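Fold and geometry: a report
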Amino acid sequence: MLSCYVKRVKSALKRSFEVEETDSSTHPSPLSRRNTNPLRSSTSSTSSQRSYDLSSRNSDYSSSRSSPSESSNPRSPKAGMSRIELSGGRNPDTASSRRTEMSIEVSSKQIDNSPSPGIARFGLKRPEVSLSNRSTPLDKLSMTRIPEPPQRRAESTSPIISPVEGASRRPEMPVFRQPEGLVPSSAVENNNHHLPPAPRPEVIPSYSSSAMSEAVAPDAMVSPAVGVPYGEKAGGPVLDFSYVGIDAILEQMRRKAMKQGFELNIMVVGQSGLGKSTLMNTLFKSKVSRKSVLATAQEKIPKTIEIKSISHDIEEKGVRMKLTVIDTPGFGDQINNENCWQPIMKFINDQYEAYLQEEININRKKRIPDSRVHCCIYFIPPTGHCLRPLDVEFMRRLSKVVNIVPVIAKADTLTLEERDFFKKKIREELRANGIDVYPQKEFDEDAEDRMINEKIREMIPFAVVGSDQEYQVNGRRLLGRKTKWGTIEVENIAHCEFAYLRDLLIRTHMQNIKDITSSIHYEMYRVRRLNENNTVVAHANGIPEHHLSAHEM
Amino acid sequence: MTTNIRYKSRIPVKTEDSAEEKQYVGFATLPNQVHRKSVKKGFDFTLMVAGESGMGKSTLVNSLFLTDLYKDRKLLNAEERINQTVEIIKHTVDIEEKGVKLKLTIVDTPGFGDAVNNNECWKPITDYIDQQFEQYFRDESGLNRKNIQDNRVHCCLYFIPPFGHGLRPVDVEFMKALHEKVNIIPLIAKADCLTPNEIKKLKDRIREEIDKFGIKVYQFPECDSDEDEEFKQLDKELKECTPFAVIGSNTVVEARGQRVRGRLYPWGIVEVENQSHCDFVKLRNMLIRSHMHDLKDVTCDVHYENYRAQCIQEMTSKLAQDNRMESPIPILPLSTPDAETEKLIKMKDEELKRMQEMLNKMQQQMHDKD
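- Chain B has the name Septin in an unreviewed UniProt entry, where Sander lucioperca is given as its organism.
- Its UniProt record, at the heading Subcellular location (unreviewed entry), says of chain B: "Cytoplasm".
- Per its UniProt entry, chain B bears the Sequence similarities (unreviewed entry) comment "Belongs to the TRAFAC class TrmE-Era-EngA-EngB-Septin-like GTPase superfamily. Septin GTPase family."

- In the annotation of an unreviewed UniProt entry, the entry for chain A reads Septin 9a, and the organism field reads Sander lucioperca.
- The record in UniProt for chain A states the following under Sequence similarities (unreviewed entry): "Belongs to the TRAFAC class TrmE-Era-EngA-EngB-Septin-like GTPase superfamily. Septin GTPase family."
- Looking at the Subcellular location (unreviewed entry) heading of the UniProt record, one finds this comment for chain A: "Cytoplasm, Cytoskeleton".

Observations regarding the overall build of chain A
- Within chain A, the secondary structure is distributed over 21 helices and nine strands.
- A buried classification covers 59% of the 553 residues belonging to chain A.
- Total accessible area on chain A stands at roughly 22300 Å², and carbon and sulfur atoms take up 54% of it.

Looking at the interface of chain B and chain A
- If you look at the interface, chain B gives 45 residues, while chain A gives 47 residues.
- For the pair chain B and chain A, the summed buried area comes to about 4000 Å², and 59% of that belongs to carbon and sulfur atoms.
- In terms of surface lost to chain A, no three residues of chain B exceed Val 116, Phe 163 and Trp 267 of chain B, which account for 22% of the buried area on that side.
- There are two salt bridges connecting chain B and chain A.
- With a shortest N-O distance of 2.8 Å, Arg 481 of chain A and Glu 198 of chain B are connected by a salt bridge.
- The interface formed by chain B and chain A holds eleven residue pairs in polar contact (both at pLDDT 80 or more) in total.
- Secondary-structure elements contributing two or more residues to the side of chain B that touches chain A are helix 5 (78-82), helix 7 (169-178), helix 8 (196-213), strand 8 (258-265) and strand 9 (268-271) of chain B.
- Taken together, the residues that form the side of chain B that touches chain A break down as 21 nonpolar, twelve polar and twelve charged.

Section: a positive patch on the surface
Residues and elements named next belong to chain A.
- On the surface, Lys 256, Lys 259, Arg 320, Lys 366 and Arg 367 cluster together into a patch of positive charge.
- Note on placement: Arg 367 falls in the loop between helix 15 (342-359) and strand 4 (375-380).
- Classification of Arg 367 by relative accessible area gives partly exposed; the value is 38%.

A word on the sheet that holds strand 9 (residues 486-489) of chain A
All names here are of chain A.
- Read across the open sheet, the three strands follow the order 7-8-9; overall the sheet is antiparallel. Each edge of the open sheet is held by one strand with a lone partner, namely strand 7 (470-473) and strand 9. Strand after strand, the sheet turns through a mean of 65° between neighbouring axes, direction not considered.
- Summarising the sheet, strand 7 and strand 8 (residues 476-483) pair through four bridges and their orientation is antiparallel. Bridging from a neighbouring strand, Val 473 pairs with Arg 476 of strand 8.

Some remarks on the confidence of the model for chain B
Residue and element names in this part refer to chain B.
- Scored by pLDDT, chain B has a mean of 80; 84% of the residues are at 70 or more.
- Note on residues 1-11: pLDDT is under 50 here. Beyond four places in sequence and across chains, it has two contacts.
- Model confidence for the complex is summarised by a pTM of 0.64, with the ipTM given as 0.73.

Some remarks on the sheet that holds strand 9 of chain B
Residue and element names in this part refer to chain B.
- Pairing is antiparallel across the open sheet formed by three strands, whose spatial order is 7-8-9. Each having just a single partner strand, strand 7 (252-255) and strand 9 make up the two edges of the open sheet. Taking the axes of each pair of neighbouring strands and ignoring which way they run, one obtains an average angle of 70° across the sheet.
- Note that strand 7 and strand 8 share four bridges and pair antiparallel. When the bridges of strand 8 are listed, Val 252 appears paired with Arg 261.

Remarks on the UniProt feature "site: Important for dimerization" (unreviewed entry) in chain B
- Here, the residues flagged by UniProt with the feature "site: Important for dimerization" (unreviewed entry) are Phe 163 of chain B.
- Once residues within four sequence positions are removed from consideration, Phe 163 of chain B is found in contact with Ser 272, Gly 273, Leu 274, Pro 381, Pro 382 and Lys 410 of chain A together with Met 55 and Cys 193 of chain B.

Comments concerning the environment of Val 260 of chain B
Residue and element names in this part refer to chain B.
- For Val 260, the position within the fold is in strand 8.
- Judged by its relative accessible area of 15%, Val 260 is buried.
- When the C-alpha atoms of Val 260 and Glu 271 are compared, they prove to be 6.7 Å apart, with eleven residues separating the residues in sequence.
- With near-sequence residues (within four places) excluded, Val 260 lies in contact with Thr 251, Val 252, Val 253, Ala 255 and Glu 271.

Here we look at the pairing of strand 3 (residues 319-327) of chain A
All names here are of chain A.
- Counting buried positions along strand 3 gives seven out of nine residues, so the element sits mostly inside the fold.
- Note: strand 1 (residues 262-269) against strand 3, seven bridges, orientation parallel. Across the sheet, residue Asn 265 finds its bridge partner in strand 3, namely Thr 324.
- Direction of pairing for strand 2 (residues 308-316) relative to strand 3: antiparallel, over a ladder of nine bridges.

Focus on a negative patch on the surface
All names here are of chain B.
- Together, Asp 226, Glu 227, Asp 228, Glu 229 and Glu 230 give the surface a local cluster of negative charge.
- Assignment of secondary structure puts Glu 230 in helix 9 (residues 229-241).
- Given the relative accessible area of 58%, Glu 230 is considered exposed.

Considerations on the pattern of salt bridges
- All told, the structure shown has 40 salt bridges over all chains when counted by the stated rule.
- Among the ionic pairs, Lys 308 of chain A bridges to Glu 306 of chain A, the shortest N-O distance being 2.8 Å.
- A relative accessible area of 30% places Glu 306 of chain A in the partly exposed class.
- Residue Lys 203 of chain B is joined to Asp 279 of chain B by a salt bridge in which the shortest nitrogen-to-oxygen separation is 2.6 Å. Of this pair, Lys 203 of chain B sits in helix 8 while Asp 279 of chain B is found in the loop between strand 9 and helix 10 (280-290), placing the two residues 76 residues apart along the sequence.
- Note on Lys 203 of chain B: relative accessible area 9%, which makes it buried.

Quick notes on the packing of aromatic side chains
- Enumeration according to the criterion identifies 14 aromatic pairs over all chains in this entry.
- When the centroid spacing of 6.1 Å and the interplanar angle of 90° are considered together, the rings of Phe 331 of chain A and Tyr 378 of chain A count as edge-to-face. Taken together, the residues Phe 331 of chain A in the loop between strand 3 and helix 15 and Tyr 378 of chain A in strand 4 connect sequence positions 47 residues apart. This pair shows no difference in class: Phe 331 of chain A is buried, exactly as Tyr 378 of chain A is.
- Relative to Phe 174 of chain B, the ring of Tyr 158 of chain B lies with its centre 4.7 Å away and its plane at 20°, an arrangement referred to as stacked. With Tyr 158 of chain B in strand 4 (residues 155-160) and Phe 174 of chain B in helix 7, this pair connects stretches of sequence that are 16 residues apart.
- Residue classification places Tyr 158 of chain B among the buried residues on the basis of a relative accessible area of 0%.
- The class of Phe 174 of chain B is buried, set by a relative accessible area of 0%.
- Three or more aromatic residues joined by ring pairs make a cluster, and in this case those are Tyr 352, Tyr 355, Tyr 522 and Tyr 525 of chain A.
- Against the face of Tyr 136 of chain B rests Arg 152 of chain B, its NZ or CZ located 3.6 Å from the ring centre.
- Above the plane of the ring of Tyr 304 of chain B lies Arg 152 of chain B, whose end atom (NZ or CZ) is 4.7 Å from the centre.

Cut-offs and rules
- Residues numbered from 1 in each chain as written.
- Chains lettered and ligands numbered in written order.
- Predicted model: local features only at pLDDT ≥ 70, side-chain atom pairs only at ≥ 80, totals over all residues.
- Heavy atoms only, no water.
- UniProt positions renumbered as here; feature names shortened; annotations may be inferred.
- Helix = DSSP H or I, 4+ residues; strand = E, 2+ residues; numbered from the N terminus.
- Buried < 20%, exposed > 50% of the residue type's maximum accessible area, 1.4 Å probe, protein only.
- Areas by Shrake-Rupley, 256 points an atom, 1.4 Å probe, with all protein chains shown as cover.
- Contact = heavy atoms within 4.5 Å.
- Buried area = accessible area lost by both parts, 1.4 Å probe.
- Salt bridge = Lys/Arg side-chain N within 4 Å of Asp/Glu carboxyl O.
- Polar contact = N/O pair within 3.5 Å; in protein donor to acceptor, adjacent residues only side chain to side chain.
- Nonpolar A, V, L, I, M, F, W, Y, C, P; charged D, E, K, R; others polar.
- Patch = residues over 30% accessible without salt bridge, like charges linked within 9 Å, V, L, I, M, F, W, Y side chains within 5 Å.
- Lys, Arg positive; Asp, Glu negative; His and termini not counted.
- Charge placed at Lys NZ, Arg CZ, Asp CG, Glu CD.
- Pairing = 2+ DSSP bridges.
- Axes fitted to C-alpha atoms, helices over the stretch in contact; angles between N-to-C directions.
- pLDDT = per-residue confidence, 0-100.
- Phe/Tyr/Trp six-rings, centres within 6.5 Å; stacked < 30°, edge-to-face > 60°.
- Lys NZ or Arg CZ within 6 Å of the ring centre and 35° of its normal.

What follows is the structure, encoded as structure tokens:
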């Protein structure tokens, strides 16, 4: 019974990808049951849109990780750091660009079925917003119900929350119960039906105890802190008077983003056979690559470079994403590879052009379809010595128009020492040639960005191994490659750095990547284009001359 | 007196069986004599390694011969490589084992396939091989043939990257340019990045493509029917295993309580000499222990002869064009127009002409040298 509540709760919650961290490491059984569900992979025709429910796969991975989301995750220090920031009383007035990210992360942390961390986080969340201390969450809970002003705030914010949370249940039910008439949500009412009979003061202990036991009011088990930013801003009674509720905008933005869905366009570039399609499948845990969709009997190297773009709609915990994978078969495979980067640059600029045309339209769409390439993953063959001239030429040209993330492909052929040496060599050569890969140094916004990004910059290029086959290792089913001398686990950071790449691309820096594409690369293109046409450019933007000339192809 | 003793010492004589002694001639000891002489003389072997940089060629060569031929090698970085052309570098090392001396020459081809534009990147290699043939040809046709140094390339190991799905265009072009000049043995390099299934698929694919493109790689000689079963079995296995998937390493690691040569990964240890891990042992056995002499024979008998015939044909056709009217050898009038004898005479004439031309050429060259 417990487990099916867990399942319902999980499926009902709208979350971003990052949720697995918080998924119950304390509930292995429901997760393991879910693991056996095969991934829903319906056969598709080319570029048709498809929904893949990633939740089952995601929980699979969370079970293999037992780190609570609060503690700094050794696996991805940067991600862990940002999480700590969130929970550690981050000032609301830091860079606004973080807002969207934060809202998603905030909500993602809320899925917690284990009671005490939930309460603790619950307590933690409040200080972040209302500067109260974290010592006695229960007290605060009880406190909130009594004084009037917090209730009023709760009231004002509840209408916003309840339609969003729809079917989800929140532990703040007791709180929202107070202004019962104001809560229209049926779900809330459902919960209230459980609780109304109990007198108000008694609800509190029952809530807490229910959260503890997860038996009394299973509905209340859901994300304690989802409503925190808005519901329980009422921290201690003393501090609530100064609370305005501006941070409720996070929730509003989150809702809007969830409704709209996200778009991500990734391009993969590299010689044939380096595992590009496999890596895409592994990253998104579904068959998103060109090969899964256009099955060819045998791999043939095309005579010229082709650009193949395949879109999928994937969904995870209510968050929809339109993922487009742009493949470039034929790159670097010929004998004479001169100018093989030109079709790719043309494609990228074409996407910018399309967006620009939409933008300068008189009657333009409310939401311009974004087909700009947000990120280009460049696959470096694991020779172990240094970059090849082709790699240098390509990256030098493309780092100016798109975010490049270089990865070392098929890294299971390098021992750890060789890997370190190779990475060092590559970093040196990138520096020597003035190639600025993502995350670019010049786009760091502030000190903490720089700190996080420095950590990443020390690790690029990531040495990745991709696999879409599962094997049994130590009683767990993991993605990996099985050889005669051992099994390489894709998600094990001691084996390869796939997890870091996934965190960078999806869990922490996805929005940043998109921002840089739209606000920097696209703007550069736009300025150049508009200058070319001698049209009046509204903002000179002080773009220095050398930037403009740098884009001369 | 002395002759008797000599006679006795050569042939194992059983004084009792005089009947047998009468039947026994004694040339069964010829192999021993050859053996003794060769051991004294020593062997030489020239091996060429070709492939993109970073395929593990140097490591493999070091592993095969248990030496360190590349101690002072400097690897270029990407900038320097942009303007690099294909070079030919020779490393020579003298190895001795159980009294047998081997003069091993490794011909390395740095820069092959590394540039952005790899058009004709195999040309320096084919030129080098032709040069060696030409030099041997000249030496052979020269006056002093005592100490000819054989620099001809006996075998070329070609490293195919394991990352692709088969042969790439540059692989096909290279092998087609070289398959008539040298014994090509294709290898799958860095095989530790492939699972057993992938290796099998790749090998099948490569064999298919080699057939499709008509590339003549080195074929193992057929077993004689009187060889024992074990040898035949081994031979069959060897043939089915091509192209060999190899892993090279010269570092010693501890695995299963033993010290073995291998590569240490966080997920396990790859043993170079473990047959279930890779085909290194098969390659070594084939290259050194069983087929080294055959490689040399094929080089001498097939590739060199091809080259020589081609060369002579070119020379004759060139000279025939130049000296159409005059021939150094007067054509004798035939008394009896018999077709067969006519043919014979014509053949002999041509041979004579050829020899004359060669002599002329030699003399010219000697003149030029002086």
